[in-house]
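This is what each chain is made of:
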Amino acid sequence: MAMTNYNLALVTTDKVFNQKCIELAQTNLQSISNQYLLGIGAQPHVTLCQYTSDVSPEKVWLSVSEYHGARFPVKFDHVYVRPGKGEHAGFYWVGLAIQDNQSTLSRLQQVMSDKLATLGIATETESSSYFPHLTWARCLSEHPIAFTRLPNLDLWSPACDFQLSIGLSNANGVYQRCLRTE
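Bear in mind the structure is a predicted one, so any value in this text is a computation, not a measurement. (Residues numbered from 1 in each chain as written. Predicted model: local features only at pLDDT ≥ 70, side-chain atom pairs only at ≥ 80, totals over all residues. Heavy atoms only, no water.)

A. Here's a closer look at the pattern of salt bridges. Summed over the entire model, instances satisfying the criterion amount to four salt bridges. K20 is the partner of D154 in a salt bridge, and the nearest nitrogen-oxygen pair spans 2.4 Å. Remark: K20 occurs in helix α1 (residues 15-29) and D154 occurs in the loop between β7 (133-140) and β8 (160-168); sequence separation between them is 134 residues. Among the residues examined, K20 registers a relative accessible area of 22% and is labelled partly exposed. (Salt bridge = Lys/Arg side-chain N within 4 Å of Asp/Glu carboxyl O. Helix = DSSP H or I, 4+ residues; strand = E, 2+ residues; numbered from the N terminus. Buried < 20%, exposed > 50% of the residue type's maximum accessible area, 1.4 Å probe, protein only.)

In structure tokens:
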């Protein structure tokens, strides 16, 4: 099997929420985005572990079976803008930061990282610096970020239920297609 990019991530089946995220990303960031923008071929998600591997996604999915069907309530706190690091220097990442007791998703991320390690898979998502979020876009840093449309209050509460999934990704973490959920 060839090396492929994957993402163990949380996704929601709330189509209204997903559409709001896509619309906000497209409306505000389309003209300054670069290689990552929610919309066609880029689905809203909360990354737990991004990785590249030749291990079958079915084998990975079986290794996390105790989390199949579990619901994770996610509540968003604010729009974030973070500078890119390493290969992403010169870009900004923009999206929604999660209002989490940080411990729930951070623990889940660590569990997923450990599960991948038992399969001999190294994750690109560092547990020590894990930041629970939902990315809208990667933007060119030489362009100012100006929001023409802000999220309505209903995006911030109540919490939205997410569930574990495994999906095809790319090197920038774009969640391209869901392979398994439930």
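B. Structural detail: the pairing of strand β3 (residues 46-53). Here β3 lies mainly inside the structure; seven of its eight residues are buried. Here seven bridges tie strand β1 (residues 4-11) to β3, and the two strands are oriented antiparallel to one another. The residue of β3 that forms the bridge with N5 is T52. (Pairing = 2+ DSSP bridges.)

C. Local environment of the sheet that holds strand β6 (residues 91-98). Taken together, the four strands give an open sheet; going across it, the order is β2-β7-β6-β5, and neighbouring strands pair in antiparallel fashion. Both edges of this open sheet fall to β2 (33-37) and β5 (76-83), since each of them pairs with a single strand only. Going from strand to strand, the sheet's axes swing by 20° on average, the running direction of each strand aside. Relative to β7, β6 is paired through seven bridges, and the arrangement is antiparallel. Bridge assignment links A97 to a residue of β7, and that residue is H133. (Axes fitted to C-alpha atoms, helices over the stretch in contact; angles between N-to-C directions.)

D. Representation of the side chain of N18 in the model. Looking at the element boundaries, N18 is found in helix α1. Of the residues examined, N18 reaches a relative accessible area of 16% and is grouped as buried. Looking at N18, its side chain comes within polar contact range of the main-chain oxygen of T12, at 3.3 Å. Setting aside residues no more than four positions away along its own chain, N18 makes contact with T12 and P44. (Polar contact = N/O pair within 3.5 Å; in protein donor to acceptor, adjacent residues only side chain to side chain. Contact = heavy atoms within 4.5 Å.)

E. Looking closely at the packing of aromatic side chains. The full count for this structure, using the stated rule, is seven aromatic pairs. Between Y36 and W93 the ring centres are 5.6 Å apart and the planes differ by 85°, which places this aromatic pair in the edge-to-face class. Of this pair, Y36 sits in strand β2 while W93 sits in strand β6; the two residues are 57 residues apart in sequence, bridging distant segments of the chain. Residues Y36 and W93 agree in their burial class; the two are buried. Members of the aromatic cluster, joined through ring pairs, are F17, F76 and F162. In this arrangement the basic side chain of R82 is found over the ring face of F131, its NZ or CZ atom lying 3.9 Å from the centre. For the cation-ring pair, R138 lies above F91, with the distance from its terminal atom to the ring centre recorded as 3.6 Å. (Phe/Tyr/Trp six-rings, centres within 6.5 Å; stacked < 30°, edge-to-face > 60°. Lys NZ or Arg CZ within 6 Å of the ring centre and 35° of its normal.)

F. View of the state of the cysteines. The tally for this structure, following the rule as stated, stands at zero disulfides. Left unpaired, C160 is separated from the closest cysteine sulfur, that of C21, by 8.4 Å. Relative accessible area serves as the criterion here: at 10%, C160 is assigned to the buried category. Free of any disulfide, C178 has its nearest cysteine sulfur in C160, 15 Å distant. The partly exposed category is assigned to C178, whose relative accessible area is 28%. (Disulfide = S-S within 2.5 Å.)

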